[in-house]
Amino acid sequence: MRSVVQNDKKTVRRVRLRGGIAVLALTAIASGCAQGGGPGPDGARPAPGQQPGQDLPEGALHSYADKLRADYADRVAAAKRWGLRKVPLRAPAPPARKPHIPTRDGFEVDDHEDLGLPPVFTTVPTRHKVVFLTIDDGAEKDPAFLRMTTELKIPYTAFLSDYLIKDDYGYFKKMRDGGVGLNNHTLHHPYLPGLSYERQKHEICGMQDVIEERYGKRPTLFRPPYGSYNRDTLRAAEACGVKYAPLWNAEVFADHWDYREWDRDLHPGDIVLSHFRGRDDWKGTMPDMIRRFLNKVTEKGYAVARLEDYL
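Structure report, in brief. Since we're looking at a predicted model, the values are computed, not measured.

Of the regular secondary structure elements, the chain holds 10 helices and 9 strands. Looking at the 311 residues of the chain, the share that counts as buried comes to 51%. In the chain, 70% of the contacts between residues at least 6 apart in sequence involve partners at least 24 apart. A total accessible area of about 14,900 Å² is found for the chain, and carbon and sulfur atoms account for 48% of it.

Note on placement: Asp162 falls in helix H6 (residues 162–165). Discounting chain neighbours no more than four positions away, the residues touching Asp162 are Tyr169, Thr186, Leu187, Met207 and Val210.

A few words now on the nonpolar core. Judged by nonpolar contacts, the single largest core of 48 residues is most densely connected at Phe145, Met175 and Phe293. Among the elements that line this core, the one with the most residues is helix H10 (residues 286–299), at 6 residues. Once residues lying within four places of it in the same chain are set aside, the contact partners of Phe145 are Ile135, Tyr156, Tyr171, Met175, Phe276, Met286, Pro287 and Ile290. Val120, Phe121, Leu247 and Trp248 belong to the second largest nonpolar core, which has 22 residues in total.

To continue, consider the state of the cysteines. By definition, a disulfide is the covalent link that joins the sulfur atoms of two cysteine residues. Enumeration over the complete set of coordinates arrives at 1 disulfide. For Cys205, the disulfide goes to Cys240, at an S-S distance of 1.8 Å. Its S-S torsion of about -100 degrees marks the bond between Cys205 and Cys240 as left-handed, since a negative value means left-handed. Placement of the pair is Cys205 in helix H8 (residues 197–215) and Cys240 in the loop between helix H9 (231–239) and strand S5 (245–246), with a sequence separation of 35 residues. Across this residue pair, the class does not change: Cys205 and Cys240 are buried.

So, on to the packing of aromatic side chains. In total, this model carries 9 aromatic pairs according to the counting rule given. Residues Phe121 and Tyr244 carry aromatic rings whose centres are separated by 6.2 Å and whose planes lie at 85 degrees to one another, so their mutual orientation is edge-to-face. Note that Phe121 is positioned in strand S1 (residues 120–121) and Tyr244 in the loop between H9 and S5, a separation of 123 residues in sequence. What links up through ring pairs into an aromatic cluster is the set Phe145, Tyr156, Tyr171, Phe172 and Phe276. For the cation-ring pair, Arg223 lies above Phe159, with the distance from its terminal atom to the ring centre recorded as 4.5 Å.

Moving on: helix H7 (residues 169–177). Among the residues of H7, those classed as buried are Tyr169, Tyr171, Phe172 and Met175. In a view along the axis of H7, the buried residues occupy a sector of 155 degrees, so they form one face of it. Relative to its buried face, H7 has exposed residues pointing more than 90 degrees away, namely Lys174 and Asp177. In the core, the buried residues of H7 are packed alongside helix H5 (143–152), strand S3 (157–160), H6, strand S4 (181–184) and H8. Positioned one or two residues after H7, Gly179 has a phi angle of 95 degrees, which is positive.

In this section: the pattern of salt bridges. When the charged atoms of two side chains lie near each other, side chains of opposite charge can form a pair. According to the stated counting rule, one finds 19 salt bridges in the structure shown. Arg69 is the partner of Asp66 in a salt bridge, and the nearest nitrogen-oxygen pair spans 2.1 Å. Pair noted here: Asp66 and Arg69 are both in helix H4 (residues 58–81), with a separation of 3 residues, about one helical turn. Put simply, Asp71, Arg75, Arg90 and Lys153 are held in one network by salt bridges that share partners.

What follows deals with the packing of H5 against H7. With their axes 11 Å apart at the nearest point, H5 and H7 run at an angle of 0 degrees to one another. Here H5 is positioned roughly parallel relative to H7, judged by the angle of their axes. On the side of H5, the interface is formed by Pro143, Phe145 and Leu146, while H7 contributes Tyr171, Lys174 and Met175. Tallied by class, residues from the contact of H5 with H7 come to 5 nonpolar, no polar and 1 charged.

Conventions and cut-offs
- Residues numbered from 1 in each chain as written.
- Predicted model: local features only at pLDDT ≥ 70, side-chain atom pairs only at ≥ 80, totals over all residues.
- Heavy atoms only, no water.
- Helix = DSSP H or I, 4+ residues; strand = E, 2+ residues; numbered from the N terminus.
- Buried < 20%, exposed > 50% of the residue type's maximum accessible area, 1.4 Å probe, protein only.
- Contact = heavy atoms within 4.5 Å.
- Areas by Shrake-Rupley, 256 points an atom, 1.4 Å probe, with all protein chains shown as cover.
- Core = buried A, V, L, I, M, F, W, Y, C linked by side-chain atoms within 4.5 Å.
- Disulfide = S-S within 2.5 Å.
- Phe/Tyr/Trp six-rings, centres within 6.5 Å; stacked < 30°, edge-to-face > 60°.
- Lys NZ or Arg CZ within 6 Å of the ring centre and 35° of its normal.
- Arc of directions from axis to C-beta.
- Salt bridge = Lys/Arg side-chain N within 4 Å of Asp/Glu carboxyl O.
- Axes fitted to C-alpha atoms, helices over the stretch in contact; angles between N-to-C directions.
- Parallel < 35°, antiparallel > 145°, perpendicular 65-115°, else oblique.
- Nonpolar A, V, L, I, M, F, W, Y, C, P; charged D, E, K, R; others polar.

Below, the structure is given as structure tokens:
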């Protein structure tokens, strides 16, 4: 069933067929087969004894097939326009039941669980071949990056620092309007373990206030600068309303990859880090980074999912 969701070419071929085969393909898509028979994309489960799509009029079925074909054609054109080797795979529907997110072994602080502190993790528990793209700080504000990710329909999560975004809050408003989650990376990007609890709380809560004021929603995700934190960091984050502290398991640049694990490879549920950077800091642009990222994950059979959908 997974191929129905992850391989658009097969989906289009099946939906083109008339009669029972087309209905089966439509039913598989609507019911979220890639989720192991779970609910559909809207989270609703069919009533007992029913399967979605069985009573769909033939005209509606063909209209849906036309929509799939047009959508796939658009993505093929976008992939070609942006120089990708293959069309990016589509992620399965978000899980109806969110996975439990534990703190990664070795990343705990004293009394982490007893105090109910935000979990620190590098990978989301999932059996599906998905990875999550996260982008930090906000220094580079490349319009081509916004166009590329929008046209390719690639989800990502941003972790922002106010001192880098305040010269152009509007750039990140465009992201938010496109469905990108805007999250906390502190006001000034300091090395937090070197600060007192109160100063850490000011950095974190202050950025919560900025994002709420500018973008209308208080974040629940926080990434400590440099991936460095201590017990006071997580206490302060929890006091500021943070629920999760995602780190990363791989990092992508415009010209290379870095990995946390010994096998130097991707794994289901890996969080991938990148930064808002351009030629002043990299050997390339943000579109170059996205191109390198997508070429690798697609070649390895991974789709890009939205981190917030799993939390």
